[in-house]
Amino acid sequence: MVPAINDEMRTTFREQGFVVVPDVLGANQLTRARAVVAELLAKEPPPADHVGFHFLWPRFEAGGNPLLNLYDEAGIAKLASQLLRPDLGVDEPDFAQLAVTIPPWPHRPGGPHVDGVTPTLPDGTPGTFTMLTGIWLTDHEQLDRGNLHVWPGTHLRLGEYLREHGADALTRLDEMSPGPYPKIDLGDQIQVSGPAGSVLFAHYLLGHNIGGHSGTANDERRETVYYRLHATGHRERWREAVTNPLVEFRH
Ligand SMILES: O=C(O)CCC(=O)C(=O)O
Ligand SMILES: [Fe+2]
């Protein structure tokens with residue numbers, strides 16, 4: 001069955017700020033995607049004996065990129081558009097983030113961050129987008145296996161804060177927690193979880209941070225491929241999108 005976003009998932013996303021869609025990639029697709037990741041990491045490996053996170057930010061040049069092929073194969077654009085207002089699609093991303101976490105790396109983030117503000121875009125505005133998508137190439141069913149930490153509902157509370165303080169408060173780092181994330185009521189943090197082959201969608205404003213990996217050196221490293229998705233025309237409405245956080249999303 002082709003995975004799809006149903007009403008319940010849309011409600012979860014609107015209320016919590018994230019949703020996990022299972023079974024997007026099958027076993028053979030995962031094997032192939034992990035081979036691509038291994039090849040990329042062989043070209044830009046972490047330092048010897050490195051533990052903790054290691055990120056690559058491959059740009060998609062003309063002529064294609066295996067991580068753009070993965071985006072297509074996983075049907076991310078179609079799934080994402082099922083979260084968006086019917087009149088919106090998503091722009092094709094021009095880069096990916098390959099995130100791996102090598103155990104053992106006990107770590108628990110003390111607070112969240114928002115992406116795109118350290119640094120800002122060259123014009124001084126925050127590098128906002130509509131939502132983050134992560135394809136899980138490794139199992140996230142157990143906790144503390146590199147699972148992302150998120151602060152549910154913060155997308156709405158941060159939206160409220162920015163409605164009061166203005167969208168440009170997103171760039172005023174001196175008014176933020178060290179995170180960087182504006183000082184709002186955070187509530188409790190949780191770890192996102194689910195099997196390998198699942199896809200995470202997280203609202204741009206959702207407080208999140210990298211999680212630890214408490215496995216041993218013999219355990220599997222965490223591998224996630226992220227894409228930052230812009231709904232059609234997002235940059236022209238970014239101030240509206242961060243002050244009215246559900247404006248780009250479907251009911
Ligand atoms: O490691 C992760 O899964 C998330 C990293 C992250 O939030 C970031 O690089 O902005
Ligand atoms: Fe982030």
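What you see is a predicted model; the values in this text were computed from it and never measured.

Calculation notes
Residues numbered from 1 in each chain as written. Chains lettered and ligands numbered in written order. Predicted model: local features only at pLDDT ≥ 70, side-chain atom pairs only at ≥ 80, totals over all residues. Helix = DSSP H or I, 4+ residues; strand = E, 2+ residues; numbered from the N terminus. Expected span 1.5 Å × (residues − 1). Buried ≥ 20, exposed ≤ 12 C-beta atoms within 10 Å, placed from the backbone. Arc of directions from axis to C-beta. Contact = placed C-beta atoms within 7 Å. Pairing = 2+ DSSP bridges. Axes fitted to C-alpha atoms, helices over the stretch in contact; angles between N-to-C directions. Near = placed C-beta within 6 Å. Nonpolar A, V, L, I, M, F, W, Y, C, P; charged D, E, K, R; others polar.

Draft legend 1. Focus on helix 5 (residues 154-165). Across its 12 residues, helix 5 extends 16 Å between first and last C-alpha, which sits within 8% of the 16 Å expected from 1.5 Å per residue. For helix 5, the complete set of buried residues consists of Thr-154, His-155, Leu-158, Gly-159, Tyr-161 and Leu-162. Seen from one end, helix 5 has its buried residues packed into an arc of 160°, which puts them on one side. Packed against the buried residues of helix 5 are strand 5 (149-151), strand 7 (181-182), strand 9 (199-203), strand 10 (207-209) and helix 6 (238-243). The first or second residue beyond helix 5 is Gly-166, which carries a positive phi of 95°.

Draft legend 2. Spatial organisation of the sheet that holds strand 8 (residues 190-191). Strand order across the open sheet formed by 3 strands is 8-5-10, with antiparallel pairing between neighbours. Lying at the two open borders of the sheet, with one neighbouring strand each, are strand 8 and strand 10. Across 3 bridges, the pairing between strand 5 and strand 10 is antiparallel. Following the sheet pairing, Trp-151 is matched in strand 10 by Gly-207.

Draft legend 3. Fine view of the sheet that holds strand 2 (residues 52-56). Spatial ordering of the open sheet is given by 1-9-4-11-3-2, a layout of 6 strands whose pairing is antiparallel. Of all the strands in the sheet, the pair left with one neighbour each is strand 1 (18-21) and strand 2. Here the average twist between neighbouring strands, direction ignored, is 20°. Where strand 1 lies against strand 9, 4 bridges are found, and the strand directions are antiparallel. Note that in strand 9 the partner of Phe-18 across the bridge is Ala-202. Strands strand 1 and strand 9 of the sheet are contacted by helix 1 (residues 7-16), whose axis makes an angle of about 145° with strand 1. Where helix 2 (residues 27-43) meets the sheet, it contacts strand 2, strand 3 (97-102) and strand 11 (222-229), and its direction lies at approximately 85° from that of strand 3.

Draft legend 4. Region of interest: the site of ligand 1. Lining the immediate surroundings of ligand 1 are Phe-53, Ala-99, Asp-115, Leu-148, His-208, Ile-210 and Thr-224. Across the shell around ligand 1, the residue classes break down as 4 nonpolar, 2 polar and 1 charged.

Draft legend 5. Broad picture of the environment of Gly-52. Note that Gly-52 resides in strand 2. Looking at Gly-52, the number of C-beta atoms within 10 Å reads 17, which means it is partly exposed. When the C-alpha positions of Gly-52 and Ala-169 are compared, they lie 31 Å apart, and in sequence the two are 117 residues distant. Not counting chain neighbours up to four residues away, the residues in contact with Gly-52 comprise Thr-101, Ile-102 and Trp-105.

Draft legend 6. Seen up close, the environment of Val-24. With respect to the helices and strands, the residue Val-24 is situated in the loop between strand 1 and helix 2. Classification of Val-24 as buried rests on a count of 20 C-beta atoms within 10 Å. Once residues within four sequence positions are removed from consideration, Val-24 is found in contact with Pro-3, Ala-74, Gly-197, Ser-198 and Val-199.

Draft legend 7. Region of interest: the environment of Val-19. Its place among the elements puts Val-19 in strand 1. Note on Val-19: 23 C-beta atoms within 10 Å, which makes it buried. Considered as a pair, Val-19 and Ile-5 are 14 residues apart in the sequence and their alpha carbons are 9.4 Å apart. Leave out the neighbours within four places in its chain, and Val-19 touches Met-9, Thr-12, Phe-13 and Phe-201.

Draft legend 8. Highlighting unusual backbone geometry. Note that the residue after Pro-103, namely Pro-104, is joined by a cis bond; omega there is 0°. By secondary structure assignment, the location of Pro-104 is in the loop between strand 3 and strand 4 (131-136). In this structure, Pro-119 follows Thr-118 across a cis peptide bond, with omega equal to 5°. A positive phi angle, near 60°, is found at Asp-23, a position not held by glycine. Structurally, Asp-23 is set in the loop between strand 1 and helix 2. Taking the number of C-beta atoms within 10 Å as the measure of exposure, Asp-23 has 13 and is therefore partly exposed. The phi dihedral of Asp-49 falls on the positive side, at around 60°, and the residue is not glycine. By the element assignment, Asp-49 lies in the loop between helix 2 and strand 2.

This is a description of form; function is not addressed.
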